[in-house]
Amino acid sequence: MPRPESAVRRRQWGAESRVTPLPTTHPKPSDEKITLARAAIVLTVALWVLYVIWTILRQFINNEIGGFRFTMEAFSYLVVVTFLTFSALMYLLARHGALQRFRAYERTPRAEIDRHFAGKDSAITVLVPSYREEPDVVRATLWSACLQEFPSVRVVLLVDDPPHPSDPSAAEDLERTRGLADEISQELSEPAARFEAARLDFEHDGATGDASADTVRRLAEHYAWAAEWISHKAETEKREDHVDDFFVNQVLLGLAGDLATTGRALATAADRDESLPAARMLELHQRLERIFRAEVATFERKLFASLSHEANKAMNLNAYIGLMGGSYRTEETPSGRVLRPVTDARQADLVIPDTEYILTLDADSLLLREYCLRLVHFMEQPGNERVGVTQTPYSSFRGAATRIERLAGATTDLQHILHQGKTHYDATFWVGANAVIRKAALEDIVETETSGGFVVKRYVQDRTVIEDTESSIDLGTHGWSLANHPERLSYSATPPDFGSLVVQRRRWANGGLLIMPKLVRQVRERRARGERVRLSEILLRVNYMASITWASFGLLFLLAYPYDSRLLSPVVLMAALPYFIAMGTDLRYSGYRFSDILRIYGFNLILLPVNLAGVLKSIEQALTGRKIPFARTPKVRNRTSVPVIYLLSPLAIIAFSVLTFMRDVQVGNWGNAAFAAFNAILATYATIAYIGIGNMIVDLWRAAIGWLFVEVPPKAPPAPPEDAEPDWRAVLYYGDESVGTLRHELTHVEAAEPAPAKQATPSREEVAS
């Protein structure tokens, strides 16, 4: 179903011009680049020490302090500068680790990977959590997972939408989403049957010795047919934005080109009357069969009253993972449909296979074809038996249509480099957009509780909204490690407008402080087991979880407080210089401009209130002990409205910076005046470029008149008479004491939304399809 013309996002001036993604493998850095990276670390530390001695201690030694106020100013300024310098130092340290890994990495030849998986029945379950996503976006994600070249792939779309929406548009999207599994399965059926038959014919003819030229030529024809089939599919795909272009060019045509190249190589061998070992021929037959035989299914936890309905991605994943490896019979109860475990799969309505590996994949992410192969191959190498999670930190889609998406993508690509470097120091964090996970590792960290008589399992923690970070600490506590594979094999969407970016970054800023005690316990327990915990690992982990807190408050102090000009020294500016030069170099390495460091600074200025809000939410949760609702990043083609506070805050930052500049000029405080002018200029640019004056006026106007409209709540059904007989099913299920309090609630639920029991129970065949 084509999108309406108005849904296609118009390109802005200054948007992304590059459309070709960066190479899959990182080029090997030169010795000079690594030497400069080390020099930047040393120089940053040396200049910070020089600043402390020359600017701070000298004031006290020479008795130039101006009393208690100056002493407090000097102390607070030193604290702020120290924390900001520490974050810059951690950037340089992680960057150095990434360069070390890129230089040492040797890509495994494809033939060796094929040989590793030859004859293996390795299986992986791909879980794609989805909540009110556009069906076309989900469809591309499912295809990228189905076309993985892996022995056995089972792709499960975990639909978390309300199962009975009243809005017709939402109901239509839900039905389209539910139909994706059948649609993809039907498309795959033809090539899957063809290549299974080809492999069986080859084995039947006797797969021993060397294959003849005719046999090689037949295989070449199969590869050519597969390449043509995928190329034809690519021609029929819609290409309305840069994500569509990536899906067609990199996922579909990339695979088609690879298959065509292999087919030509086989044809050349046949023309030269060359023979291939039968074992290699079997591997090549299996490759074709495995590409097209993925099993696709859909699962909705909200159709079952026995599963958790907590509104977050972690519990959507947990609900399904907790069912893996079991057989279940459905039973209708007054509270809804429930799942009862059964020992005999023949008596089950729902059978969910178990697999050694699980791949979690966000519904707006895309994988390149070798993602599963290379990551599982890495996990199965000697010495990696305790690697619980591996991933390729996602990169951004190139060719963004908006300026803010381009800049958000730039920060994403910088984070890709830094996460690669963290692995060098054993400080890897699970980044939730994609990851291959050992099921055994999840079983080690599972927490089990009982709610309403049903068992609830938590593999991925949902205590905070950054569930992947907390689970990373849990895995380390249980002796599992995490590693990032040094390639670009996964891509994920970045918010295309300021409203959706606010939701994402506010969530990212929340939760790090709450996890810090877990990190302390982890380090203590690992050392008690005799494990070596390097200082670099601890520092990088602390910076990752808490840097948003001190950076936000530190920048707020620098913006708001008129520090004495004697504290602002050229030395402290020089201490930040290696960080900014390194960032600019990394931006150019990632295909952006060196000058984007200034745009990122302005970008961070207008996001300062967003980050502060996330930090304050963490503090609120720590004080109250209540979970914070999980706010999913909106993934829509049109624009997301911005809350008023985040529209007025950038204006306040600009106004205050201008006033500070004027005041400091009057008193001759030239250092602070220059800093204030710098902030005012970049914040003004960021507000105009990334929020937009027109969009700001529209959102402010909506907020101003919004209070005039009163939302009429739906009418509740009348309560049943007190002497009315309760439903006999409710009496038998809840018991007599509970029926009185539940009777009106059940009536209200039934009137507001059709009961799940009215839907047909899925059979094993439907689940498998």
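Just above, that's the structure.
Treat the numbers as computed from the prediction; the structure is a model and nothing was measured.

A. Molecular detail of the overall build of the protein chain. Across its full length, the protein chain holds 26 helices and 17 strands. When the 769 residues of the protein chain are sorted by exposure, 53% land in the buried category. Sequence-distant contacts in the protein chain: of pairs separated by 6 or more residues, those separated by 24 or more amount to 83%. For the protein chain, the computed accessible surface area is about 34800 Å², with 59% contributed by carbon and sulfur atoms.

B. Representation of unusual backbone geometry within the structure. One non-glycine residue with positive phi stands out, namely Arg-132, at about 50°. Secondary-structure assignment places Arg-132 in the loop between strand S1 (123-130) and helix H4 (135-146). Here Arg-132 falls in the exposed class, since its relative accessible area comes to 53%.

C. View of the packing of aromatic side chains. Summed over the entire model, instances satisfying the criterion amount to 19 aromatic pairs. For the ring pair Phe-429 and Tyr-544, a centre distance of 4.3 Å and an interplane angle of 20° mean the geometry is stacked. Of this pair, Phe-429 sits in the loop between helix H12 (403-424) and strand S13 (434-438) while Tyr-544 sits in helix H17 (residues 535-560), placing them 115 residues apart in sequence. The exposure class of Phe-429 is buried, given its relative accessible area of 0%. Members of the aromatic cluster, joined through ring pairs, are Phe-195, Trp-225, Trp-229 and Phe-292. Positioned over the ring face of Tyr-592 is Arg-398, at 4.3 Å from the centre of the ring. Stacked on the ring of Phe-429, the Lys or Arg Arg-541 has its end atom at 4.8 Å from the ring centre.

D. Summary view of empty space enclosed by the protein. Inspection of the entire model under this criterion finds three cavities of 30 Å³ or more. By volume, the largest cavity amounts to about 80 Å³. For the largest cavity, the full set of lining residues is Arg-110, Asp-114, Phe-117, Glu-149, Phe-150, Glu-283, Gln-286, Arg-287, Arg-290 and Leu-373. Of all the secondary-structure elements, those providing two or more residues to the lining of the largest cavity are helix H3 (110-117) and helix H9 (278-292). The dominant element in the lining of the largest cavity, judged by the number of residues it contributes, is H9, at four residues.

E. Seen up close, the sheet that holds strand S8 (residues 350-352). Strand order in this open sheet of three strands is S7-S6-S8, and the pairing throughout is antiparallel. On the outer flanks of this sheet lie strand S7 (336-342) and S8, each paired with one strand and no other. Across the sheet, the mean angle separating the axes of adjacent strands is 35° when strand polarity is ignored. Strand direction decides the pairing type here: strand S6 (residues 326-333) and S8, joined by three bridges, are antiparallel. Within S8, the residue paired with Tyr-328 across the bridge is Leu-350.

F. How the structure looks around the sheet that holds strand S12 (residues 395-396). With mixed pairing, three strands are arranged side by side in an open sheet as S10-S17-S12. Two strands lie at the open edges of the sheet, namely strand S10 (365-367) and S12, each paired on one side alone. With two bridges connecting them, S12 and strand S17 (residues 490-492) associate as parallel partners. Bridging from a neighbouring strand, Ser-395 pairs with Tyr-491 of S17.

G. Spatial organisation of the pattern of salt bridges. Enumeration according to the criterion identifies 52 salt bridges in this entry. Two residues, Arg-115 and Glu-112, come together in a salt bridge whose shortest N-O distance is 3.0 Å. Of this pair, Arg-115 and Glu-112 both sit in helix H3, separated by three residues, roughly a single helical turn. Relative accessible area serves as the criterion here: at 44%, Arg-115 is assigned to the partly exposed category.

H. Quick peek at the packing of helix H21 (residues 644-667) against helix H22 (residues 670-691). Axis separation between H21 and H22 bottoms out at 8 Å; the angle between their running directions is 155°. Taken together, the axes of H21 and H22 are roughly antiparallel relative to one another. Of the two possible hands of crossing, H21 and H22 adopt the one that is left-handed. Between H21, through Tyr-646, Leu-647, Pro-650, Ile-653, Ile-654, Ser-657, Val-658, Thr-660, Phe-661, Asp-664 and Val-665, and H22, the contact on the second element is made entirely by Trp-670, Asn-672, Ala-673, Ala-676, Ala-677, Asn-679, Ala-680, Ala-683, Thr-684, Thr-687 and Ile-691. Across the contact of H21 with H22, the residue classes break down as 15 nonpolar, six polar and one charged.

I. Seen up close, the nonpolar core. Core analysis: the largest hydrophobic core is formed by 74 residues, its most contacted members being Ile-124, Leu-259, Phe-292 and Val-436. Looking at this core, the element that brings in the most residues is helix H8 (residues 242-271), giving 12 residues. Those residues within four positions of Ile-124 in sequence are excluded, and the remaining contacts are Phe-150, Ser-152, Val-153, Arg-154, Thr-355, Tyr-357, Ile-358, Leu-359, Cys-372, Val-376 and Val-436.

J. Inspection of the pairing of strand S2 (residues 152-159) at higher detail. Most of S2 sits out of view: seven of its eight residues are buried. Pairing analysis gives eight bridges linking S1 to S2, with the strands arranged parallel. Paired with Thr-125 across the two strands is Arg-154, which belongs to S2. When S2 meets strand S5 (residues 295-299), the two strands line up parallel, connected through five bridges. Directly across from Val-156, in S5, lies its bridge partner Ala-297.

K. Up close: the environment of Trp-550. Relative to the helices and strands, Trp-550 resides in helix H17. The spatial distance from the C-alpha of Trp-550 to the C-alpha of Val-79 is 9.8 Å, given a sequence separation of 471 residues. Here Trp-550 is in contact with Phe-83, Phe-86, Ser-87, Val-542 and Asn-543, once residues within four sequence places are set aside.

L. How the structure looks around the packing of helix H18 (residues 570-589) against helix H19 (residues 596-606). The geometry of H18 relative to H19 is characterised by a closest axis approach of 9 Å and an angle of 110° between their N-to-C directions. On the basis of the axis angle, H18 is roughly perpendicular to H19. Every residue of H19 that contacts H18 at Phe-580, Met-583, Gly-584 and Leu-587 is listed here: Asp-596, Ile-597 and Ile-600. For the contact of H18 with H19, the residue count by class is five nonpolar, one polar and one charged.

Cut-offs and rules
- Sequence order as written defines the numbering, with residues in each chain counted from 1.
- Per-residue local features of the predicted model are confined to residues with pLDDT of at least 70, and side-chain atom pairs are confined, for both listing and counting, to 80 or more; whole-chain, interface and lining totals are unaffected and use all residues.
- Heavy atoms throughout the structure, all of them, feed into the side-chain values; hydrogens and water do not.
- In this description a helix means any DSSP run of H or I spanning at least four residues, a strand means any run of E spanning at least two, and both kinds are numbered starting from the N terminus.
- Accessibility here uses a 1.4 Å probe with only protein chains present; expressed as a share of the type maximum, an area under 20% marks a residue as buried, one over 50% as exposed, and anything in between as partly exposed.
- When checking whether two residues touch, look at their non-hydrogen atoms; a contact exists if any pair is within 4.5 Å.
- Note that accessible areas follow from Shrake-Rupley with a 1.4 Å probe, and for residues the cover is restricted to the protein chains shown.
- Here the aromatic set is Phe, Tyr and Trp, taking the six-membered ring for Trp, and pairing holds for ring centres within 6.5 Å; pairs whose planes are under 30 degrees apart are stacked, those over 60 apart are edge-to-face, and all others are tilted.
- The criterion is that NZ of a Lys, or CZ of an Arg, lies within 6 Å of the ring centre and within 35 degrees of the ring normal, and then a charge sits over that ring.
- Using protein atoms alone on a 1 Å grid, points that fit a 1.4 Å probe yet trap it form a cavity, whereas open point sets bounded by protein on both sides within 12 Å along at least five of seven lines form a pocket; residues with an atom within 4 Å of a point count as lining.
- Grid points are joined across faces, edges and corners, and a volume is the space filled by probe spheres set on the points.
- A pair of strands counts as paired when DSSP detects no fewer than two bridges linking them.
- Interaxial angle, 0 to 180 degrees, is taken between N-to-C directions of lines fitted to C-alpha atoms, where a helix line uses only the stretch in contact.
- Put simply, a salt bridge is a Lys or Arg side-chain nitrogen that is within 4 Å of an Asp or Glu carboxyl oxygen.
- Each angle receives one of four descriptions, namely roughly parallel if under 35 degrees, roughly antiparallel if over 145, roughly perpendicular if within 65 to 115, and oblique otherwise.
- In this scheme, a crossing is called left-handed if the near helix is turned counterclockwise away from the far one by less than a right angle; it is called right-handed if the turn is clockwise.
- Residues are grouped as follows: nonpolar covers Ala, Val, Leu, Ile, Met, Phe, Trp, Tyr, Cys and Pro; charged covers Asp, Glu, Lys and Arg; every other residue, Gly included, is treated as polar.
- Residues belong to one nonpolar core when they are buried, are Ala, Val, Leu, Ile, Met, Phe, Trp, Tyr or Cys, and are joined through side-chain atoms within 4.5 Å.

By themselves, these figures tell us nothing about what the structure is for.
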